[in-house]
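What follows is each chain in one-letter form.
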Amino acid sequence: MTPSTAPRVLILGANGRFGAAATQAFAAAGWQVLAQVRRPLAALPAGAQVVTMDLSDTAALASAAAGAHAVVYAINPVYTRWPTDLLPMARQGMAVAERLGAVFLLPGNVYNFGADMPPVLREDTPQTATGRKGRLRIALEAELQQRAASGQLRSIVLRAGDFFGSGSGTWLDQAIIKSLAKGKLVYPGPTDRVHAWTYLPDLAQAFVAAAARSAEGPAFRCWHHRSHDVTGAVLLDTIERLAHELGLAPAGPLKRGGLPWGVIRVGGWVVPIWRELAEMAYLWEVPHTLDGRALEAALGPLPHTPLDVALRATLRR
């Protein structure tokens, strides 16, 4: 495959956590990557180029990405602005994909299932969201299904757990290991509950595989990406061991703490981001995992980096 014959992908939001991982994965797989960004990127992999048009400029973006086979929607609105921004921004991304005749690829999450979700989440698990953000995600996926049914747009949703392993801004770096150098770990919930985590380099490679096979099958597909399923205790034990091996924490046992959810809920009346975080606190209380067998049955074996290896790479960044 030469550069002129390589498939082309437009990654919307390439400077975010998932967008950066997707840019790396598609470029490594030999795709021509167009990385749409709002601010300059420090570095780009070989085979990638920056596109600076705004998401709302459908015509300009489609012109710059002419010939693109896939559009990866890696944009995540500011958490406090989901009610006003999530659907309109996603529709702008859909409009670009429609104009290009490209498949639209979206990273999904577990918000759709709500506080009553079962411990194992499959593609046919009922979606009974209990919060605004979950209902918005359901509405977004329903719109993709409607556009697929009308012949407007082909789309693929890959549902994943909590991100880690690419960039900053995750629960891992903003809470759990934030005070690691001071000898403390913080876990947002009970440490005996299983929580679904997703290593972003693995998810990005799954998107490459899905994009390569996107012309096959129905116009809308939703698959679950196999998660790393560990209790908080196992996660903290693993982080503590690796942090000592890497010299990232003081010698001796690390202190462990939790988050003051009661204070966060009360403070949410005046601090908008606390209100939004409190709405999703159940994710740390309710055990859940993602069953990825359907995805691998459709696309074949996919990378699943061992937790030790993934966390070691994450801590080294």
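Whatever comes next refers back to the structure up there.
Below you will find a few notes about this structure. (Residues numbered from 1 in each chain as written. Predicted model: local features only at pLDDT ≥ 70, side-chain atom pairs only at ≥ 80, totals over all residues. Heavy atoms only, no water.)

To continue, consider the sheet that holds strand β11 (residues 220–224). Sheet architecture is open: seven strands sit in the order β3-β2-β1-β4-β5-β7-β11, paired in parallel fashion. One side of each edge strand has no neighbouring strand; the edge strands of this open sheet are β3 (48–51) and β11. Taken pair by pair, the neighbouring strands of this sheet meet at an average axis angle of 20 degrees, ignoring direction. Sheet analysis places strand β4 (residues 70–73) next to strand β5 (residues 103–108), joined by three bridges and oriented parallel. Among the inter-strand pairings, Val72 is bridged to a residue of β5, identified as Leu105. Strand contacts of helix α1 (residues 17–28): β1 (8–12), β2 (32–36), β3, β4 and β5, with the helix running at about 170 degrees to β1, the strand carrying the most contacts. (Pairing = 2+ DSSP bridges. Helix = DSSP H or I, 4+ residues; strand = E, 2+ residues; numbered from the N terminus. Axes fitted to C-alpha atoms, helices over the stretch in contact; angles between N-to-C directions. Contact = heavy atoms within 4.5 Å.)

A surface patch of nonpolar side chains, amounting to about 250 Å² of accessible area, comprises Val263, Ile273 and Trp274. As for its position among the elements, Ile273 is in helix α9 (residues 272–279). (Patch = residues over 30% accessible without salt bridge, like charges linked within 9 Å, V, L, I, M, F, W, Y side chains within 5 Å. Areas by Shrake-Rupley, 256 points an atom, 1.4 Å probe, with all protein chains shown as cover. Salt bridge = Lys/Arg side-chain N within 4 Å of Asp/Glu carboxyl O.)

Further remarks concern helix α3 (residues 82–100). Within an α-helix, residues lying three or four positions from one another point in the same direction, as the helix has 3.6 residues per turn. The end-to-end C-alpha separation of α3 is 26 Å, in line with the 27 Å expected for 19 residues at 1.5 Å each. In this fold, the buried residues of α3 make contact with β1, α2 (58–64), β4, β5 and α4 (132–149). Note on α3: the residue one or two positions beyond its end, Gly101, has a positive phi of about 70 degrees. (Expected span 1.5 Å × (residues − 1).)

Of all the five residues making up β2, four are buried; the element is thus mostly covered by neighbouring parts of the structure. Crossover connection from β1 via α1 to parallel β2: handedness right-handed. Of the pairings in the sheet, the one linking β2 to β3 comprises four bridges and is parallel in character. Looking at the pairing, Gln36 lines up with Val51 of β3. (Buried < 20%, exposed > 50% of the residue type's maximum accessible area, 1.4 Å probe, protein only. Right-handed = clockwise from strand over helix to strand, strands pointing away.)

Here Leu295 lies in helix α10 (residues 293–299). In the structure, Leu295 is positioned 137 residues away from Leu158 in sequence and 8.5 Å away in space, judged by C-alpha atoms. Apart from the residues lying within four places of it in its own chain, the contact partners of Leu295 are Leu158, Trp223, His224, His225, Gly300 and Leu302.

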